[in-house]
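Fold and geometry: a report
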Amino acid sequence: GGEGGEEGGENADAIYYNNFDKEAATKTYGSGNSYPYLDQFEGWKNEQGSGASGVSYLFNGMSARSNSTSDGTYSKYAGSGMNNLFFFYDAYIQVNGIELGESRSLVISFGAEKYLNNGDSNFNKDEFKVYVSDTGKKWVALEYEIGGTEISGTWNLNTSEAFTMPSSKLYIHISASVASAYRLDDLKVVASTEAGKTIDTSNGVDLGTGSGEEGGETGGEE
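Structural notes, computed from the coordinates. The structure presented is a predicted model; accordingly, all values stated were derived computationally and were not measured.

**Looking at the overall build of the protein**
- In terms of regular secondary structure, the protein is built from zero helices and twelve strands.
- Along the protein, helices (α) and strands (β) appear in the sequence β-β-β-β-β-β-β-β-β-β-β-β when read from the amino end.
- Since a compact globule built from 222 residues should have a radius of gyration of about 17 Å, the 16 Å found for the protein is in line with a globular shape.
- With the C-alpha coordinates aligned to their principal axes, the bounding extent of the protein is approximately 45 × 40 × 35 Å.
- Counting every position in the protein, which comprises 222 residues, the buried fraction comes to 47%.
- Considering only residue pairs separated by 6 or more positions, the protein has 78% of its internal contacts joining residues 24 or more positions apart.
- On the protein, roughly 10400 Å² of surface is accessible, and the fraction owed to carbon and sulfur atoms is 45%.
- Here the protein holds 15 positive side-chain charges and 33 negative ones, and the gap between their average locations is 5 Å.

The following block contains the structure:
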């Protein structure tokens, strides 16, 4: 309810939401003119929502950037702007341990853009994969729809099919198989009114990342 567009208003229903905008990323890293890798900068950790307090992150080949924003000329949805996450080589971002409470049927949405210098900038779902898990060990690929028909070099809001988790924790893994082309913003998990298929990770794939429970920052009690 309430007026659309006010901060927090449209995301008040989120189980997890991150616009990655806690603090603007600057080109002052590396030798002084690079955007930060995610382990060099905390300003992208801006998670909120009923299940967000204990999450931790795993990532590889990811940087936070404040250019080519999701609210600019090339955006086809009302993106948050400021920061987005950029996928380099062998890149992934993994969100571990979202607490679902009673809401087991879910939908994930996210803003994403593909722009490849002198290359194919058409967004390709085969190159940008979203996986979910209940433990962070075995993963199931999630189908999603691209918002809108203009998909070359544009930000679009993409939405998963409804799905149901077998237990009270959700892990999300997002990867790009093409380097230096894809960006992510406004990652959101909400409860779904329809159940969708139940995620069975017993024959899921091992993405080789582990659950992030051992070592690293866990961001809350186990």
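**Section: the packing of aromatic side chains**
- Counting across every chain of the model gives eleven aromatic pairs.
- Judged by centre distance (4.8 Å) and plane angle (70°), the ring pair of Trp44 and Tyr57 falls under edge-to-face. Here Trp44 is found in the loop between β1 (16-18) and β2 (56-65), whereas its partner Tyr57 is found in strand β2, with 13 residues between them in sequence. Judged on exposure class, the residue Trp44 and its partner Tyr57 are both buried.

**A short note on the side chain of Ser105**
- Considering the arrangement of structural elements, one finds Ser105 in strand β4 (residues 105-114).
- In contact with Ser105, other than residues within four places in its own chain, are Phe163, Thr164, Val190, Ala191, Ser192, Glu194 and Ala195.

**A few points about the pairing of strand β5 (residues 128-133)**
- For β5, a buried count of five out of six residues is recorded, marking the element as mostly surrounded by other parts of the structure.
- Judged from the six bridges that link them, β5 and strand β10 (residues 169-176) form a sheet pairing that is antiparallel. Opposite Phe128, over in β10, you have Ala176 as the bridge partner.
- Bridge analysis of β5 against strand β6 (residues 140-141) gives two bridges, and the strand direction is antiparallel. Paired with Tyr131 across the strands is Ala141, a residue of β6.
- Adjacent in sequence and paired antiparallel, β5 and β6 are bridged by six residues, among which Gly136 carries a positive phi angle near 85°.

**Quick word on the pattern of salt bridges**
- Scanning the entire structure with this criterion turns up seven salt bridges.
- Where Glu113 meets Arg183, a salt bridge forms, and the shortest distance between an N and an O atom there is 3.7 Å. With Glu113 in strand β4 and Arg183 in strand β11 (residues 182-191), the pair connects residues that are 70 residues apart, well separated along the chain.
- Classification of Arg183 by relative accessible area gives buried; the value is 7%.

**Looking at the nonpolar core**
- Grouped together as the largest cluster of nonpolar side chains are 43 residues, with contacts concentrated most on Phe87, Ile93, Ile98, Phe128 and Leu170.
- When residues of this core are assigned to their parent elements, the largest contribution, six residues, is made by strand β3 (residues 84-99).

**Here we look at unusual backbone geometry**
- Although it is not a glycine, Phe20 sits at a positive phi angle of roughly 60°.
- Looking at the element boundaries, Phe20 is found in the loop between β1 and β2.
- On the basis of relative accessible area, Phe20 is assigned to the buried category, the value being 2%.
- Here Asp90, not a glycine, exhibits a phi torsion of approximately 55°, which is positive.
- Within the secondary structure, Asp90 sits in strand β3.

Rules behind the numbers
- Residues numbered from 1 in each chain as written.
- Predicted model: local features only at pLDDT ≥ 70, side-chain atom pairs only at ≥ 80, totals over all residues.
- Heavy atoms only, no water.
- Helix = DSSP H or I, 4+ residues; strand = E, 2+ residues; numbered from the N terminus.
- Rg over C-alpha atoms; globule rule 2.2 N^0.38 Å.
- Buried < 20%, exposed > 50% of the residue type's maximum accessible area, 1.4 Å probe, protein only.
- Contact = heavy atoms within 4.5 Å.
- Areas by Shrake-Rupley, 256 points an atom, 1.4 Å probe, with all protein chains shown as cover.
- Lys, Arg positive; Asp, Glu negative; His and termini not counted.
- Charge placed at Lys NZ, Arg CZ, Asp CG, Glu CD.
- Phe/Tyr/Trp six-rings, centres within 6.5 Å; stacked < 30°, edge-to-face > 60°.
- Pairing = 2+ DSSP bridges.
- Salt bridge = Lys/Arg side-chain N within 4 Å of Asp/Glu carboxyl O.
- Core = buried A, V, L, I, M, F, W, Y, C linked by side-chain atoms within 4.5 Å.

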